[in-house]
Protein chains: 2
Amino acid sequence: MSVKTRSKESPEMYLKSIYQLGETDDLVAISALAAHLSISPVSATEMIHRMVSRKLVQHIPYKGIRLTEKGRKQALAVIRRHRLWERFLTDRLGLPWERVHDVACQLEHAAGPEVTEALAADLGYPRKCPHGNPIPTAEGEMPDPEGINLLELTPGEMARVEVIQPEDTEILEHLSSRGLALGVELQVIEIAPFDGPRTLSIGDRKVVIGKEMASCITVQPVSI
Amino acid sequence: MSVKTRSKESPEMYLKSIYQLGETDDLVAISALAAHLSISPVSATEMIHRMVSRKLVQHIPYKGIRLTEKGRKQALAVIRRHRLWERFLTDRLGLPWERVHDVACQLEHAAGPEVTEALAADLGYPRKCPHGNPIPTAEGEMPDPEGINLLELTPGEMARVEVIQPEDTEILEHLSSRGLALGVELQVIEIAPFDGPRTLSIGDRKVVIGKEMASCITVQPVSI
DNA sequence: CCTTAATTTAAGGTTTACCTTATAATAATC
DNA sequence: GATTATTATAAGGTAAACCTTAAATTAAGG
Ligand SMILES: [Mn+2]
Ligand SMILES: [Mn+2]
Ligand SMILES: [Mn+2]
Ligand SMILES: [Mn+2]
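Notes on the structure in this doc start here. Computed from a predicted structure; not experimentally measured.

### Structural notes on the interface of chain A and chain B
Then, in step 1: The interface is formed by 30 residues belonging to chain A together with 31 residues belonging to chain B.
Then, in step 2: Between chain A and chain B the total buried area reaches about 2800 Å² when both faces are included, carbon and sulfur atoms providing 68% of it.
Then, in step 3: Inspection of the chain A/chain B interface yields 2 salt bridges.
Then, in step 4: In this structure, Arg99 of chain B and Glu114 of chain A form a salt bridge, with 3.2 Å as the shortest nitrogen-oxygen distance.
Then, in step 5: At the surface where chain A touches chain B, the tally comes to 2 residue pairs in polar contact (both at pLDDT 80 or more).

### A few points about the layout of surface pockets
Residues and elements named next belong to chain A.
Then, in step 1: The computed volume of the second largest pocket comes to approximately 770 Å³.
Then, in step 2: In terms of lining, the second largest pocket is formed by 28 residues, of which the most central are Gln20, Glu23, Arg83, Asn133 and Gln165.
Then, in step 3: Sorting the residues of the lining of the second largest pocket by element identifies helix 1 (9-22), helix 4 (69-92) and helix 5 (101-107) as the ones contributing at least two each.
Then, in step 4: The dominant element in the lining of the second largest pocket, judged by the number of residues it contributes, is helix 1, at 5 residues.
Then, in step 5: Each residue belonging to the lining of the second largest pocket can be placed in one class, and the counts come to 12 nonpolar, 10 polar and 6 charged.

### So, the protein's contact with DNA strand C
Then, in step 1: As a matter of local geometry, DNA strand C sits amid 22 residues, with Ser43 and Glu46 of chain A together with Ser31, His49 and His59 of chain B nearest to it.
Then, in step 2: In DNA strand C, the atoms that sit within 4 Å of the protein are 71% sugar and phosphate, with bases accounting for the remainder.
Then, in step 3: Contact between DNA strand C and Ser31 of chain B: a phosphate oxygen at 2.8 Å from a side-chain N or O atom of the residue.
Then, in step 4: At the level of elements, helix 1 and helix 3 (41-53) of chain A together with helix 2 (30-37) and helix 3 (41-53) of chain B are the ones that each hand at least two residues to the surface near DNA strand C.

### Thoughts on helix 3 of chain B
Residues and elements named next belong to chain B.
Then, in step 1: Its 13 residues give helix 3 an end-to-end C-alpha distance of 18 Å, which sits within 8% of 18 Å, the value for a rise of 1.5 Å per residue.
Then, in step 2: Along helix 3, the residues that are buried comprise Ala44, Met47, Ile48 and Met51. Burial along helix 3 is one-sided: seen end-on, the buried residues are contained in an arc of 110 degrees. Residues Val42 and Ser53 are exposed on helix 3 and point more than 90 degrees away from its buried face.
Then, in step 3: Buried residues along helix 3 sit against helix 1 (9-22), helix 2, strand 1 (57-60) and strand 2 (64-67).
Then, in step 4: Lys55 lies just past helix 3 and shows a positive phi near 60 degrees.

Definitions and cut-offs
Residues numbered from 1 in each chain as written. Chains lettered and ligands numbered in written order. Predicted model: local features only at pLDDT ≥ 70, side-chain atom pairs only at ≥ 80, totals over all residues. Heavy atoms only, no water. Contact = heavy atoms within 4.5 Å. Buried area = accessible area lost by both parts, 1.4 Å probe. Salt bridge = Lys/Arg side-chain N within 4 Å of Asp/Glu carboxyl O. Polar contact = N/O pair within 3.5 Å; in protein donor to acceptor, adjacent residues only side chain to side chain. 1 Å grid on protein atoms, 1.4 Å probe; cavity = no way out; pocket = protein on both sides within 12 Å on 5 of 7 lines; lining within 4 Å. Points joined across faces, edges and corners; volume = space filled by probe spheres on them. Helix = DSSP H or I, 4+ residues; strand = E, 2+ residues; numbered from the N terminus. Nonpolar A, V, L, I, M, F, W, Y, C, P; charged D, E, K, R; others polar. Near = heavy atom within 4 Å. Expected span 1.5 Å × (residues − 1). Buried < 20%, exposed > 50% of the residue type's maximum accessible area, 1.4 Å probe, protein only. Arc of directions from axis to C-beta.

Worth remembering: the numbers are spatial, not functional.
In structure tokens, the structure reads:
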């Protein structure tokens, strides 16, 4: 048998976080990483040292960290597994898209390339996760995301929902309960003064969502 | 996010081992458990203490251990998940039955009841794993295994393969390469003197397998 | 009943991944 | 250039799972 549990889970979660934070800024502050992972900066620094010695990240003291090519490849592999499992959970098992993230966050650490690619094949090589995020290719390429933030729309404009971002069950269920989901077409009816809550028209329904919630949604404008 | 990795993996592997060893003997010796898990008896004892405090096992010093009702339920849940994931890997992803065990041994620790039951439903509530072992029910019942060991057959008898037991890739690939698989019909042609190797007829092929390998196979006799 | 073998406990170690509370070093700003 | 805020390191701790070696305890057989 053999138990010998030295789980790859934590380092893989660090890789994912660093990748995601690195999409906006080239160098990621360890404090930002620590906040993102809800751990203390000291603990994060400790782990970064371990990951530096494994050549997964590069650390420029007082500046920040950045994934090495090896780290980037591994991060993308984890993200690929995560999003493929999400698709599996929604497409094959019929679980709600608002709730698959946490399970996928466990499964993503459990299977190697053989299983991952068999899964991808079975799912028909999907290109996006159930929240609209692109699935990295087996070769380690991350497709460019498309669309603009809902906040950028002006009253009267119509758009289709492309991505619903922070994959937090609470937020997703809130949005889902208001009729927001991938592919839904909406129109901005009104923006309250001082960049306030948006009133949207979805189907025959009018919903009001705050600025915070609106910023979670990426859309593709459509002509009227 | 939150990493906070306190994986349930090790305790769950202990539960599975204790359950399996407990099928033959009521009380399981910690030394037997340690050997089964390839860990030292001292480490096993330590873990048993933790599991006793969690009311998963009962320990009768110098006699052995036994699962509590709570422990038995959890063990069966893990075994159910394991065997369902095995079915998924073979039936849905087309992976060879000789090689799905190790992956399932990772996946079994990753998903809760919601996913497990959705998976069971998707697979059509299978009753056996790809190696012929019964899948415990969601209610925590273990179906009785059927069949007799291949060693008990006498020359001339015909039988159908029902279970192939120690789920070790090496062994399974060895047997598979010799044409042995679930559902295969065979006839015992000859047993070498002193309870030696068996010569079997499988289809139009004659194969010789040692006593050790033969003992891995459970069969259902069929009339000629 | 006594010796032997199995079992348990004690003691001390390791690694990973977390924690807190300092203190030191550097970067950025006034 | 001195002050302030951020970042890093040092020091000491915890908990889970593993390890080894050695001593104590108990069960079982002769
Ligand atoms: Mn994860
Ligand atoms: Mn997603
Ligand atoms: Mn396992
Ligand atoms: Mn099996």
